[in-house]
Amino acid sequence: MTDAPRVAVVAGATRGAGRAIAIALGALGATVYCTGRSTREGRSEMDRPETIEGTADRVDAAGGRGVAVRCDHTAPAAVAALRDRILRDEGGRLDVLVNDVWGGDHLVQWDGPFWEHDLERSLKAVRNGIESHLVTSHALAPLMVGAGSGLVVEVTDGVRDDYRGSLYYDLVKAAVIRLARAQAHELGPRGVTAVALTPGFLRSEAMLEHFGVTEETWRDAVAADPHFAVSESPAYVGRAVAALATDPDVARHAGGALSSWGLAAEYGIDDVDGSRPDWGRWHAEVLDGGRDPRATDPAAYR
């Protein structure tokens, strides 16, 4: 892709990484279809205040054109309707597809072994986090194949093979990486690049709320969790996607499990405060290395 994308879909654009990715693509001047289930008319079962309309407004403010479309990405008919709208309104053009649908935080259980977890809730988390990506790519990837170009970004959590602490959560996030690799195998010969991408310790709206801080005061939470000192704003991973979307040699990443911190180093990306958080190195040297995080200077990892 030698030019900035003109049309993008960010599936799961309501909040967090998805919202930031939509905004970053809007800053490139793209029309961004911001999809999700939370609207100003009604919240999803996540019951949070962020909406797809709010994201679309921020895309507009960034210089793009935000289009809010309510869509349940586990429902093939709903995603087919989204595809038909792109065919009608954009002539079928689609340059970037970001699969960031999750909506499973309230479903995953972290205590106890997996066989003691509520099965219905757990399987719903799997459907939300895996089936939604499959349904979306199945409907929308053909638009890019028809043009012989495009980028698919599968957003995950973590790129290593470490266990993520809950069987169902681990299954979803590992499967998303495999989805990127499998799609790359089939889409690559047709001119479309597929990758997986993870942020680091993300200062999402929910995480800031959890610590009782804002993006402006987030450092106040470091006392409660010293690892938060190497956290990153959602804009960091958003800027990483924008860099991929404008890289004429993006196909070299096909099938890769990429990270915000790795792409920041490659493309020279800074976070909103001008720092460059390296969660991967912090995780390897401090978390895995057994260092005392309170005795480690986080500035060396930013």
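Located above this text is the structure these notes cover.
Evaluation of the coordinates by the stated rule reveals 8 aromatic pairs. Here W110 and Y169 contribute two aromatic rings whose centre-to-centre distance is 5.1 Å and whose plane-to-plane angle is 55 degrees, an arrangement assigned as tilted. In this pair, W110 is assigned in the loop between strand 4 (96-99) and helix 4 (119-147) and Y169 in helix 5 (residues 167-187), connecting sequence segments 59 residues apart. For W110, a relative accessible area of 44% puts it in the partly exposed group.

Let us now look at the packing of helix 7 (residues 234-245) against helix 8 (residues 260-267). Following both chains from N to C, one finds helix 7 and helix 8 inclined at 55 degrees, their axes separated by 9 Å at the closest point. Viewed along their axes, helix 7 and helix 8 adopt a mutual orientation that is oblique. Here the hand of the crossing between helix 7 and helix 8 comes out left-handed. Across the interface between the two elements, Y236, V237, A240, A243 and L244 from helix 7 touch S260, W261, L263, A264 and Y267 from helix 8. Classifying every residue of the contact of helix 7 with helix 8 gives 9 nonpolar, 1 polar and no charged.

Attention now moves to the environment of L25. Residue position: L25 is located in helix 1 (residues 16-27). C-alpha of L25 to C-alpha of A242: the two residues are 217 residues apart in sequence and 5.7 Å apart in space. Sequence-distant contacts of L25, that is, excluding residues within four places in its chain, are made with P5, A8, V10, A30, V32, V96, V98, V241, A242 and A245.

What counts and how
- Residues numbered from 1 in each chain as written.
- Predicted model: local features only at pLDDT ≥ 70, side-chain atom pairs only at ≥ 80, totals over all residues.
- Heavy atoms only, no water.
- Phe/Tyr/Trp six-rings, centres within 6.5 Å; stacked < 30°, edge-to-face > 60°.
- Helix = DSSP H or I, 4+ residues; strand = E, 2+ residues; numbered from the N terminus.
- Buried < 20%, exposed > 50% of the residue type's maximum accessible area, 1.4 Å probe, protein only.
- Axes fitted to C-alpha atoms, helices over the stretch in contact; angles between N-to-C directions.
- Parallel < 35°, antiparallel > 145°, perpendicular 65-115°, else oblique.
- Left-handed = near helix turned anticlockwise from the far one by under 90°.
- Contact = heavy atoms within 4.5 Å.
- Nonpolar A, V, L, I, M, F, W, Y, C, P; charged D, E, K, R; others polar.

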